[in-house]
Each structure stands twice: as C-alpha cells, then as structure tokens.
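# Reading the structure
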Amino acid sequence: MAEVADSWFLGFDFSTQQLKVVAIDGQLAVVHQSSVQFDSELPEFRTHGGVHMHSDQLTVTSPVLMWVKALDVLLEKMRSAGFDFSRVKAVSGSGQQHGSVFWRKGTRQTLNHLDPQKPLHVLLQDSFALQDSPVWMDSSTSAECQSLEEAAGGAQRLADITGSRAYERFTGNQIAKIYRLKPNEFSESERISLISSFASTLFLGEYAAIDFSDGSGMNLMDIRERRWSQVCVDATAPGLAEKLGDLAPSTALLGCVSPYYAERFGFPRSCAVVAFTGDNPGSLAGMRLREGDLAVSLGTSDTLFLWISDPKPTVEGHIFCNPVDCSAYMALICFKNGSFTRERIRNKCAGGSWELFSSALRSTPMGNNGNLGMYFDVMEITPPAVGVHRFNAEGQRVAAFDREVEIRALVEGQFLAKRVHAEKLGYKIIQGTRVLATGGASANKDILQVLSDVFNAPVYTIDVPNSACLGCAYRALHGLMAETGQSFSETTRSAPDPQLAVRPKPGALEMYAPLLLRYTALEDQLLKHSHP
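What you are looking at is a predicted structure, and each value in this text was computed from that prediction instead of being measured.

Calculation notes
- Residues numbered from 1 in each chain as written.
- Predicted model: local features only at pLDDT ≥ 70, side-chain atom pairs only at ≥ 80, totals over all residues.
- Heavy atoms only, no water.
- Helix = DSSP H or I, 4+ residues; strand = E, 2+ residues; numbered from the N terminus.
- Buried < 20%, exposed > 50% of the residue type's maximum accessible area, 1.4 Å probe, protein only.
- Contact = heavy atoms within 4.5 Å.
- Pairing = 2+ DSSP bridges.
- Axes fitted to C-alpha atoms, helices over the stretch in contact; angles between N-to-C directions.
- Salt bridge = Lys/Arg side-chain N within 4 Å of Asp/Glu carboxyl O.
- Polar contact = N/O pair within 3.5 Å; in protein donor to acceptor, adjacent residues only side chain to side chain.
- Phe/Tyr/Trp six-rings, centres within 6.5 Å; stacked < 30°, edge-to-face > 60°.
- Lys NZ or Arg CZ within 6 Å of the ring centre and 35° of its normal.
- Core = buried A, V, L, I, M, F, W, Y, C linked by side-chain atoms within 4.5 Å.

## A word on the side chain of Gln449
On the secondary structure map, Gln449 appears in helix α19 (residues 445-455). By relative accessible area, Gln449 is classed as buried at 17%. Excluding its chain neighbours within four sequence positions, the residues that come into contact with Gln449 are Val502, Arg503, Pro504 and Lys505.

The structure is reproduced here in structure tokens:
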C-alpha cells in the first residue's frame with residue numbers, strides 16, 4: 001500500500017511519570033519522539049513521580065487534568081518541532097494499567113463539541129466526577145479484595161474468571177472503594193474509563209470502549225468470554241456495567257479522530273483511532289512477541305511476559321487477553337527479588353566484580369552438582385516467601401555454599417522459578433521458541449547462558465526503549481491492516497530483529513528436566529511450612 005508507506009503512525013504512552021509519543025513511518029522507522037515530564041513540566045499539579053501519595057501511605061492518586069494538559073503540551077511541542085500531523089494515518093496508545101477515570105454526567109456532549117480554539121484542559125476542566133484518579137500504586141482496597149473473592153467463590157475461582165485473584169490495585173476493587181466512600185461521585189459518573197480508554201476518548205471525542213487486553217486487569221472481565229463477568233460486576237457496585245460500556249478487541253478501529261484535532265493541529269479527518277491498551281500489553285507488542293516466545297525483563301524486579309494459547313490461571317501472576325492476537329493470551333509474572341539480590345551475591349561472593357561473578361558461572365557445571373537455592377531478600381510475590389533457602393543434592397537444607405556454588409545456585413534458582421511459574425500458567429516451550437532478554441542483566445552473556453540452558457531455548461537480546469510507545473505505534477499500523485486478515489507479525493516483519501546472544505548447551509534438557517521437578521517440590525514444601 002503506497003499510501004501506508006508515505007504515512008505516519010503515532011503511539012502514545014500515558015505512563016506514571018510522563019506522557020510519551022513515538023511516530024513511525026510505513027517502513028516502521030521511528031521519525032519522531034517527544035515527551036512531557038509531569039513533575040517538572042506541569043509543576044502546578046504538585047506531583048512527585050507523577051502521583052500524590054496520601055497520608056495513609058496506601059492511597060495513591062494522580063490528577064486527571066494533569067494527563068489532559070500533558071496531551072495539550074505534547075501536541076504543541078510536536079507542532080513547534082515542525083511535525084506534520086497531516087501525514088498521520090492512525091493513532092493508538094497505552095496507559096498505566098488499572099487506573100480509572102470517572103467522567104461526570106453530561107460530558108459526552110462536551111466531548112462531541114470540542115472548540116478547536118481552546119486547549120483540552122480548559123474545555124474538560126469540569127468533566128470529571130473524581131478529580132484524582134486511583135492509580136496502580138494504590139494498595140488501600142484490602143477489604144474490597146476480600147469481598148470480591150468471597151463473592152466469586154474464592155481466589156482461585158476469581159482467577160479462573162478474570163485471569164487474576166483480587167489485587168488491591170485492580171480497577172474493580174478501586175471502583176468498589178469509590179462507591180463505598182464517595183457514593184455521590186460514583187452516582188455522578190456517566191462513564192468509568194481505564195486510563196487507556198480515557199486517552200482514546202480524548203482523541204475520539206466520544207467515549208471509547210475498554211479493550212479486551214487492558215480490561216483483563218480489572219478483576220471484572222471474563223477473559224474467556226471477553227465480556228463483563230456478571231458475578232464480579234454485581235459484587236463491585238450497582239449499575240456498573242452500564243457505566244463501563246462495551247468492550248472491544250484490542251485491534252479494533254474505534255473511529256476517526258475528533259474534528260478538534262483536524263482543525264487545531266491539521267490531522268486528516270480520516271485519521272483512525274485504534275483501541276488503546278495497557279502499558280504491559282503495549283510492551284508485548286513493542287517487543288514483538290509471537291506464539292511460544294517469552295520475554296524476560298531483568299531489572300530491579302524481574303518480569304516475565306509470556307505468549308500463551310491455553311491459559312491456566314493461578315493465584316500467582318496475571319493472564320490478560322493478548323493485545324495483538326484476539327484468539328490468544330498473554331501472561332505477566334513479577335518476581336520482586338531481581339537485580340538487588342544478584343548485586344548482593346556479587347558483592348558477597350565476587351568482591352563486587354561482575355567479571356568474577358561470570359567466571360564463577362563458567363567454572364561451575366550446569367545443574368550445580370544438584371545444589372539448589374532460593375534467594376528471597378524481600379518478601380517475594382512469586383512465590384509468597386521470604387529468606388534464603390539452600391538445599392544440597394540430597395535435598396537437605398544447608399547453611400552455606402562455597403562462593404562459586406552460591407553464585408550459580410542464585411542464577412539457576414531465579415531462572416528455574418521463572419520456568420516453573422510460567423508453565424503453571426499454561427506456557428509451553430514449542431519448536432521455534434525464543435527467549436527475549438531485556439534490562440540491565442541482559443548485557444551479561446554468562447547469566448544469559450544459564451537462562452538459555454534452563455529454558456532449553458535460544459536467548460536473544462532486545463533493546464527497545466519506550467517499548468509500550470513503539471508497540472502502540474506498531475498497533476496503530478496493524479489496526480489498519482487487521483481487517484484484511486494480516487497478522488501483527490506480518491505487519492511488523494521489517495522491524496529490527498533481536499540479536500541472538502546464546503544457544504542452550506548440549507545436555508541442558510536432560511540436566512534441567514529433573515531439577516525443575518525438584519525445584520517445584522522444594523518450593524511447595526517451603527510454602528507449606530510458611531503457610532501451614
């Protein structure tokens with residue numbers, strides 16, 4: 001399509017601390033990037049890290065108008081830089097997951113008649129029933145989580161329906177709290193959006209549907225039926241389904257941009273708005289995962305992104321509908337003990353040297369002669385355990401390992417845990433599986449070799465800054481192509497390929513298959529003792 005080749009596609013990311021945009025051309029090359037930092041560029045909202053931490057240290061919110069004004073500022077920045085909006089054929093985007101926006105009754109009329117002479121934050125200043133939106137950092141809804149799990153028939157049953165057990169940051173539990181503590185604001189709301197669908201609403205000039213993928217992070221949506229769960233919605237607040245509106249596929253074309261953008265900035269009136277989604281689903285698109293792949297982000301906390309066809313929800317981790325293939329799923333598992341734990345063991349056992357740390361991995365055998373370790377310096381999420389636990393080849397607890405054995409036990413233990421918990425959620429290694437590594441530790445080839453051996457799959461490194469933004473620019477292009485049946489991987493095949501880092505060593509499969517079983521049994525035993 002020649003017109004696609006000459007066109008541009010925008011991906012926005014309404015994240016916690018900033019609003020970012022990436023523009024790509026039809027060949028997927030980045031042609032423009034820009035951002036607005038909330039704390040420094042919008043100081044009137046007095047945020048720290050983009051949020052307000054309340055006095056109870058549990059409630060965390062962000063001012064909705066800050067996000068609206070950030071879009072005004074970003075689009076003006078782009079115009080000042082000479083960005084040609086007339087070439088934009090489609091926009092999409094992402095938002096920090098779980099946060100919610102409560103639109104005041106009567107706002108649909110305002111959205112339908114935006115005056116292009118005025119900035120959005122002036123036009124919409126009276127449009128929100130709740131000025132401050134709960135965001136993902138909020139952990140004030142323990143009572144609501146307990147209530148929802150009871151209504152659904154327990155934590156596992158809720159996970160079976162919605163993809164996750166009840167989490168304090170998840171939108172349904174936040175809405176239940178607003179209904180309980182601020183009933184007037186709740187009844188004054190005509191629509192409740194996720195931050196992603198709030199953002200697409202701004203572009204449409206009409207309430208945008210919540211997409212399947214971000215909708216999976218609410219504890220409200222049936223992930224198999226892809227509709228609101230009656231049990232969950234009824235347990236959350238009365239009349240909620242009507243306030244949430246319909247759901248839409250993540251690849252859906254929602255309509256064209258509001259005339260406001262054509263008249264104020266010069267967007268084509270035919271510029272398409274593709275459903276916005278959550279930032280984690282957006283990152284999966286940016287990393288271009290495909291069936292059988294998993295991505296490992298090795299940072300302060302380690303995060304696994306998995307492409308799953310047959311999900312098996314558990315009370316750990318999260319299953320979402322897949323943002324680029326409506327018939328598939330993705331899973332997200334967070335491990336809190338990541339780089340700080342690796343650095344602690346490096347300092348203790350390798351004199352603070354990554355070179356000596358790597359040398360220890362090279363000089364110790366795969367499988368560590370049966371020595372296994374679990375290193376939870378802080379209370380882990382997956383599994384919920386704390387402390388350092390070492391086991392010798394006979395499965396007996398030991399107080400210490402030699403330095404080199406300790407280093408390998410840490411790295412093998414971290415990756416065995418990732419594979420065990422990925423497979424519990426339904427992940428399967430298939431022919432052609434790739435492990436995509438990103439984050440600080442992905443620069444260390446010896447750590448990656450252990451990762452490759454444990455998963456018995458080649459490891460590739462990817463360097464995708466602003467992966468959610470870039471992923472949503474790809475999604476904007478794919479949204480136009482999806483109606484022709486073109487897959488996301490076909491649409492993005494000319495994007496830069498990840499770099500092959502390492503392949504599994506011969507014998508890895510035979511070595512780690514029994515160790516995975518041992519690790520699972522030891523972890524189960526550990527949890528039984530800590531939660532009798």
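## Observations regarding the sheet that holds strand β25 (residues 459-461)
The mixed open sheet is built from seven strands, whose spatial order is β19-β20-β18-β17-β24-β25-β26. Looking along the sheet, the strands with just one partner apiece sit at the ends: β19 (318-321) and β26 (499-502). Pairwise comparison of adjacent strand axes, ignoring direction, gives a mean angle of 25° for this sheet. Bridge count for β25 against β26 is three bridges, and the pairing is antiparallel. What sits directly across from Val459, in β26, is Val502.

## What about unusual backbone geometry?
Here the residue pair Thr382 and Pro383 is connected by a cis peptide bond, since its omega of 0° sits within 30 degrees of zero. Summarising the element assignment, Pro383 is placed in the loop between β21 (372-376) and β22 (387-391). Phi is positive for Asn456, close to 50°, though the residue is something other than glycine. Within the secondary structure, Asn456 is located in the loop between α19 and β25. Of the residues examined, Asn456 reaches a relative accessible area of 30% and is grouped as partly exposed. You will see that Asn466, though not glycine, has its phi angle at about 55°, which is positive.

## Overview of the sheet that holds β22
In space, the three strands of this open sheet follow the order β21-β22-β23, with antiparallel pairing throughout. Both outer strands of the open sheet, β21 and β23 (397-398), are each paired with one neighbouring strand and no more. Relative to β22, β21 is paired through five bridges, and the arrangement is antiparallel. Each bridged residue has a counterpart across the sheet, and for Met374 the counterpart in β22 is His389. Sitting on the sheet, helix α22 (residues 508-530) is in contact with β21, β22 and β23, with an inclination near 45° to β21.

## Some details on the pattern of salt bridges
Counted under the stated rule, the structure contains 22 salt bridges. The partner of Asp446 in a salt bridge is Arg362, and the shortest N-O contact between them spans 2.9 Å. One end of the pair, Asp446, is in helix α19; the other, Arg362, is in helix α17 (residues 354-363), and 84 residues separate them in sequence.

## Details of helix α10 (residues 195-204)
Counting buried residues in α10 gives ten out of ten residues, a clear majority hidden from the surface. Taken together, the buried positions of α10 are Ile195, Ser196, Ser197, Phe198, Ala199, Ser200, Thr201, Leu202, Phe203 and Leu204. Within two residues after α10, Gly205 carries a phi angle of roughly 70°, on the positive side.

## Structural notes on the environment of Lys348
Along the chain, Lys348 turns up in helix α16 (residues 339-349). The class for Lys348 is partly exposed, based on a relative accessible area of 42%. Taking the C-alpha atoms as reference, Lys348 lies 8.2 Å from Arg403; in sequence the two are 55 residues apart. When neighbours within four sequence positions are excluded, Lys348 is seen to be in contact with Arg390, Arg403 and Glu406. A polar contact is formed between the side chain of Lys348 and the side chain of Glu406, at a distance of 2.6 Å.

## Points about the packing of aromatic side chains
Two aromatic rings, taken as a pair, are described by how far apart their centres are and by the angle between their planes. Counted according to the given criterion, the structure contains 19 aromatic pairs. When the centroid spacing of 5.9 Å and the interplanar angle of 80° are considered together, the rings of Tyr261 and Phe267 count as edge-to-face. For Tyr261, a relative accessible area of 0% puts it in the buried group. Chaining the aromatic ring pairs together yields one cluster made of Trp8, Phe12, Phe83, Phe85, Phe203, Tyr260, Tyr261, Phe265, Phe267 and Phe276. One cation-aromatic arrangement involves Lys418 over Phe335; the distance from NZ or CZ to the ring centre is 4.5 Å.

## Points about helix α15 (residues 279-286)
Counting buried positions along α15 gives six out of eight residues, so the element sits mostly inside the fold. Taken together, the buried positions of α15 are occupied by Pro281, Gly282, Ser283, Leu284, Ala285 and Gly286.

## Comments concerning the nonpolar core
One finds Ile175, Trp228, Leu240, Leu244, Leu306, Phe357 and Leu451 to be the most contacted residues of the largest nonpolar core, which totals 85 residues. With ten residues, helix α18 (residues 403-424) is the largest single contributor of residues to this core. Leaving out residues up to four positions away in the same chain, Leu451 has contacts with Val296, Phe415, Val435, Ala437 and Val459. Formed by 52 residues, the second largest nonpolar core is a distinct cluster that contains Trp8, Ala23, Phe45 and Tyr261.

## Quick word on the pairing of strand β1 (residues 8-14)
Most of β1 sits inside the fold, with seven of its seven residues counted as buried. Side chains Trp8, Leu10, Phe12 and Phe14 project from β1 onto one buried face, and the interleaved Phe9, Gly11 and Asp13 project onto a second face that is buried too. Looking at chain direction, β1 and strand β6 (residues 88-95) are connected through seven bridges and run parallel. Note that in β6 the partner of Asp13 across the bridge is Ser94. When β1 meets strand β2 (residues 18-25), the two strands line up antiparallel, connected through seven bridges. Within the sheet, the bridge partner assigned to Phe9 lies in β2 and is Ile24. Hairpin connection between β1 and β2: a loop of three residues separates the two successive antiparallel strands.

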